[in-house]
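# Coordinate analysis (summary)
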Amino acid sequence: MGLAVRGNPTRVPVATGAQLAAYSGFNAGSYFEQPYYNTNLDFWENDFCFMGWTKADNADRPIFHRTTPDGAGGILIRNASGLFEVFANNNTGYVVFAAIPAPTDTWMHFAFLRENGVGKIYINGKLEFAAPLTKNLDFPDAILQVGRRADNAARAKELALLRVGATAPNAAQMAKIYRDEWPMFQPNAQVSLHGTYKNVNALTRDKDTGLLHVATPVSRSIFAGLVRIESKTASLGSKIAAHDGMILED
């Protein structure tokens, strides 16, 4: 069940010349919503993870808000006044699970997850908070809004690469996710295949250099991690091999 686009959120590059886009321009009528109750987001005692990138300031900047129509249950993840905050509703009112210092006016990777009964918050790949979290986060009839609070009291600034999952990455995986994704947020970072052809003829990874070579019918793109660092225009076949910086094409 995907997100419905409400209004006209704006797509903007995450940095000057970068290919990766973020969403901004959130307002009363522009946001994302999953308008139907989704039981897959009812996390009982199992693991889960909310993750993504945000750019915030000192205002109230909600990221995810999942709540019941009457506000009797829900979860709110936001940045506000230099803090990354997670609120959970206990049917009598929202209570703070955590509020920890977070950077503003720069891209920040965040993750709120539960791993084996422990709630954890990671900022830029580093564990910043952990405490028992055994509460069942199941909210019947709840809907999810992204980019604003359900009561329309506040809106996000910029958001990118948001995701929710029913598993919890461990500490090493969280650090790697941050390291792998951070280069995409740098000026002029290219993250797609070179040219207009999207059909991949062949690909190979050079075990010595760590670079990935991806061939289309008209070009070869070279990736270091998730960022394309070089491209070559050529008529290529369906085979490619790479070893210690040497490329064989057929």
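To keep things clear, this report deals only with the structure shown in the data block. Numbering of residues begins from 1 in every chain and follows the order in which that chain's sequence is written. For a predicted model such as this one, the threshold for reporting local features is a pLDDT of at least 70, and the threshold for listing and counting side-chain atom pairs is 80 or more; totals across whole chains, interfaces and linings nevertheless cover every residue. Just so you know, side-chain values use all the structure's heavy atoms and leave hydrogens and water out.

## Looking at the overall build of the protein chain
Rules: Numbered from the N terminus, helices here are DSSP runs of H or I no shorter than four residues, and strands are runs of E no shorter than two. Classification of residues uses two cut-offs on accessible area relative to the type maximum, computed with a 1.4 Å probe and protein chains only: under 20% is buried, over 50% is exposed, and between them is partly exposed. The contact rule is simple, with two residues in contact once any of their heavy atoms fall within 4.5 Å. The method behind every accessible area is Shrake-Rupley, applied with a 1.4 Å probe, and residues are considered shielded solely by the protein chains displayed. Charge assignment: positive for Lys and Arg, negative for Asp and Glu; neither His nor the chain ends contribute. The atoms used to mark charge sites are NZ of Lys, CZ of Arg, CG of Asp and CD of Glu.
Helix and strand content of the protein chain: 1 helix and 20 strands. The dimensions of the protein chain, computed from C-alpha atoms along their principal axes, are 65 × 40 × 30 Å. Out of the 250 residues belonging to the protein chain, those deemed buried represent 45%. A separation of at least 24 residues holds for 59% of the contacts in the protein chain among residues at least 6 apart in sequence. Put simply, the protein chain shows about 12000 Å² of open surface, and 52% of that area lies on carbon and sulfur atoms. Positive and negative side-chain charges of the protein chain, numbering 24 and 23 respectively, have mean locations separated by a distance of 4 Å.

## As for helix α1 (residues 171–181)
Basically, it comes down to this: The directions considered for the arc run from the helix axis to the C-beta atoms. For the purposes of these results, a polar contact is taken to be a pair of N or O atoms within 3.5 Å, where, inside protein, one atom must be able to donate a hydrogen and its partner to accept one; residues adjacent in sequence count only when each atom of the pair is a side-chain atom.
Every buried residue belonging to α1 is among M174, A175, I177 and E181, and all of these are buried. Viewed end-on, α1 has its buried residues packed into an arc of 155°, placing them on one side of the element. In this structure, α1 carries A172 and R179 as exposed residues pointing more than 90 degrees from its buried face. The distance from a side-chain oxygen at the start of α1 to the backbone nitrogen of A172 is 3.2 Å, and the residue carrying that oxygen is N170.

## A short note on the sheet that holds strand β8 (residues 83–89)
We apply this condition: Strand pairing is defined by DSSP finding a minimum of two bridges between the two strands. Orientation is described by axes fitted as lines to C-alpha atoms, over the contacting stretch for helices, and by angles from 0 to 180 degrees between their N-to-C directions.
Pairing is antiparallel in the open sheet, where 7 strands are placed in the order β1-β4-β13-β6-β7-β8-β9. Both edges of this open sheet fall to β1 (4–6) and β9 (94–101), since each of them pairs with a single strand only. Sheet twist, expressed as the average angle between the axes of neighbouring strands with direction ignored, equals 15°.

## Some points on the packing of aromatic side chains
In this description, a pair of aromatic rings is defined by centroid distance and the angle of the planes. We apply this condition: Two aromatic rings, drawn from Phe, Tyr or Trp (for Trp, its six-membered ring), form a pair once their centres lie within 6.5 Å of each other, and the interplanar angle then sorts them: stacked below 30 degrees, edge-to-face above 60, tilted otherwise. In our convention, an over-ring charge means Lys NZ or Arg CZ found within 6 Å of a ring centre and within 35 degrees of that ring's normal.
Evaluated as defined, the whole model comprises 17 aromatic pairs. Relative to F112, the ring of F48 lies with its centre 5.4 Å away and its plane at 70°, an arrangement referred to as edge-to-face. On the criterion of sequence distance, the pair formed by F48 in strand β5 (residues 48–55) and F112 in strand β10 (residues 108–115) is long-range, its members being 64 residues apart. Between the aromatic rings of W53 and W182, the centroid separation amounts to 6.1 Å while the plane-to-plane angle is 20°, which identifies the pairing as stacked. Separated by 129 residues along the polypeptide, W53 in strand β5 and W182 in the loop between α1 and β15 (202–205) bring together distant segments of the chain. Aromatic ring contacts, followed pair by pair, group F43, F48, F50, F64, F84, F97, F110, F112 and F129 into a single cluster. Above the plane of the ring of Y31 lies R148, whose end atom (NZ or CZ) is 3.9 Å from the centre.

## Quick notes on the environment of R66
Residue position: R66 is located in strand β6 (residues 61–67). With relative accessibility at 3%, the residue R66 sits in the buried group. With 79 residues separating them in the primary sequence, R66 and Q145 have C-alpha atoms 6.2 Å apart. A distance of 3.1 Å separates a polar atom in the side chain of R66 from the backbone oxygen of N38. One polar contact links R66 to D42, side chain to side chain, over a distance of 3.0 Å.

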